[in-house]
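# Topology and contacts: notes
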Amino acid sequence: MIKSSNIQPDFDKLTVYDSAVLASKYTAKKIAELILQKQKEGNRAILGLATGNTPKMVYQELIRLHKYEGLSFSNVVSFNLDEYYPISVNDEQSYTYFMNNNLFNHVDITQENIHIPHTDCSSNQISEYCLDYENKIKSYGGLDLQLLGIGRNGHIGFNEPGSKFDSITRLIDLHPLTREDAIENFGDLDNVPHQAITMGINTIVQAKKILLLALGERKSEIIKKALNGTIATEVPSSILQTLPQVEYILDREAAVLIQK
Ligand code: F6R
């Protein structure tokens, strides 16, 4: 554990927007700029993508840029952070369903360039599957940009409190707070899976650029801990404090407890 209670976040890396819409549009703009820059260079853009409520408006803006401003996703290769285990890709609660519905069905990304951990493998195949996912990211030269939300317990991806900073893609037990927050989508706690496949913290921190987006007052407590608190595995997102390539993008409500 690294003690850093006196370290203040590097405010150069923090932008606070007046609204969730503005924060989301800014985030989408950063992603679009990377896609365009890679297109100019004749390269693919390797994106790490998140699900949940936080990125929804980012994806809406990316769809708008595609439809009305000619942004093409033909050079995009995507890797999603995580997926529940077990779940069928056809379930409305699956992240495959989420990504198709909220982004992929509306842009010109090539189907074969989409990677989402699928969890229809049996339990004895999971470790091999996770290693393959990790190696696939590496085979593309790593992630150019990783988009992150943050859980109320500080998780990034489904790296729950206690996850090692050197962890890689693996099966993980979901934290009670994560399962509680998922009731919104599953209707009842009993329907929420107990496990998930997630990229590891080490997988995430290898990304060349990381955008952490947090919206709304319900994220303000954890944002304070993640940005200002001790760097410790109890708050997995606290590791981001040590990385030069991280940008925190907040709306005013999520930033309410951060002292400037
Ligand atoms: C989702 C993910 C999670 C979410 C986090 C916040 O792919 O990896 O870490 O980003 O749980 O979820 P929302 O945005 O729904 O508050």
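Right above here is the structure, for reference.
As the structure is a prediction and not an experimental result, all values here were calculated from the model.

## Description of the packing of aromatic side chains
Both the distance between ring centres and the angle between the ring planes are used here to describe each pair of aromatic rings. The full count for this structure, using the stated rule, is eight aromatic pairs. Arranged with centres 5.5 Å apart and planes meeting at 45°, the rings of Tyr84 and Phe158 form a pair that is tilted. You can see Tyr84 sitting in strand β4 (residues 82-85) and its partner Phe158 sitting in the loop between β6 (145-148) and β7 (170-173), a full 74 residues away along the chain. The buried category is assigned to Tyr84, whose relative accessible area is 4%. By relative accessible area, Phe158 is classed as buried at 4%.

## Focus: the packing of helix α1 (residues 20-40) against helix α2 (residues 56-69)
A pair of packed helices can be characterised by two numbers: the angle between their axes and the separation between those axes. Relative orientation of the contacting elements α1 and α2 amounts to 55°, with a least axis distance of 8 Å. The angle between the axes of α1 and α2 places the two elements in the oblique class. α2 is crossed by α1, and the crossing has right-handed handedness. Residue-level inspection shows Ala20, Val21, Ser24, Lys25, Thr27, Ala28, Ile31 and Ala32 of α1 in contact with α2, the latter providing Met57, Val58, Glu61, Leu62 and Leu65. Here the contact of α1 with α2 is built from residues that sort into nine nonpolar, two polar and two charged.

## Description of the sheet that holds strand β5 (residues 114-115)
Pairing is parallel in the open sheet, where seven strands are placed in the order β1-β10-β9-β6-β2-β3-β5. If you trace the sheet from one side to the other, it starts and ends with β1 (14-17) and β5, each paired once. As paired strands, strand β2 (residues 45-49) and strand β3 (residues 76-80) are joined by five bridges and run parallel to one another. What sits directly across from Leu49, in β3, is Asn80. Seen against the sheet, α1 touches β1, β2, β3, β6, β9 (210-214) and β10 (246-251) and runs at an angle of roughly 150° to β10.

## Points about the site of the ligand
Taken together, 13 residues lie near the ligand, and Thr51, Thr54, Asp82, His155 and Lys219 sit nearest. With respect to the ligand, the side chain of Thr51 contributes an N or O atom lying 2.7 Å from an oxygen atom. Within the side chain of Lys219, a nitrogen or oxygen atom sits 2.6 Å from an oxygen atom of the ligand. Considering the ligand on its own, with 410 Å² of exposed area, one finds that the protein chains cover 88% of that surface. In a pocket analysis with a 2 Å cut-off to the grid points, the ligand is assigned to the largest pocket. Per-class residue counts for the shell around the ligand are three nonpolar, eight polar and two charged.

## Considering the environment of Val235
Residue position: Val235 is located in the loop between α8 (220-228) and β10. Sequence separation between Val235 and Val107 is 128 residues, and the spatial gap between their C-alpha atoms is 35 Å.

## A word on the pattern of salt bridges
In the structure shown here, the tally under the stated rule is 10 salt bridges. The salt bridge partner of Asp181 is Arg152, with a shortest N-O separation of 2.6 Å. Of this pair, Asp181 sits in helix α5 (residues 176-181) while Arg152 sits in the loop between β6 and β7; the two residues are 29 residues apart in sequence, bridging distant segments of the chain. Of the residues examined, Asp181 reaches a relative accessible area of 24% and is grouped as partly exposed. Accessibility expressed as a relative area gives 30% for Arg152, which makes it partly exposed.

How each quantity is defined
Residues numbered from 1 in each chain as written. Predicted model: local features only at pLDDT ≥ 70, side-chain atom pairs only at ≥ 80, totals over all residues. Heavy atoms only, no water. Phe/Tyr/Trp six-rings, centres within 6.5 Å; stacked < 30°, edge-to-face > 60°. Helix = DSSP H or I, 4+ residues; strand = E, 2+ residues; numbered from the N terminus. Buried < 20%, exposed > 50% of the residue type's maximum accessible area, 1.4 Å probe, protein only. Axes fitted to C-alpha atoms, helices over the stretch in contact; angles between N-to-C directions. Parallel < 35°, antiparallel > 145°, perpendicular 65-115°, else oblique. Left-handed = near helix turned anticlockwise from the far one by under 90°. Contact = heavy atoms within 4.5 Å. Nonpolar A, V, L, I, M, F, W, Y, C, P; charged D, E, K, R; others polar. Pairing = 2+ DSSP bridges. Near = heavy atom within 4 Å. Polar contact = N/O pair within 3.5 Å; in protein donor to acceptor, adjacent residues only side chain to side chain. Areas by Shrake-Rupley, 256 points an atom, 1.4 Å probe, with all protein chains shown as cover. 1 Å grid on protein atoms, 1.4 Å probe; cavity = no way out; pocket = protein on both sides within 12 Å on 5 of 7 lines; lining within 4 Å. Sits in = over half its atoms within 2 Å of the grid points. Salt bridge = Lys/Arg side-chain N within 4 Å of Asp/Glu carboxyl O.

Just geometry here; none of it tells us what the structure is for.
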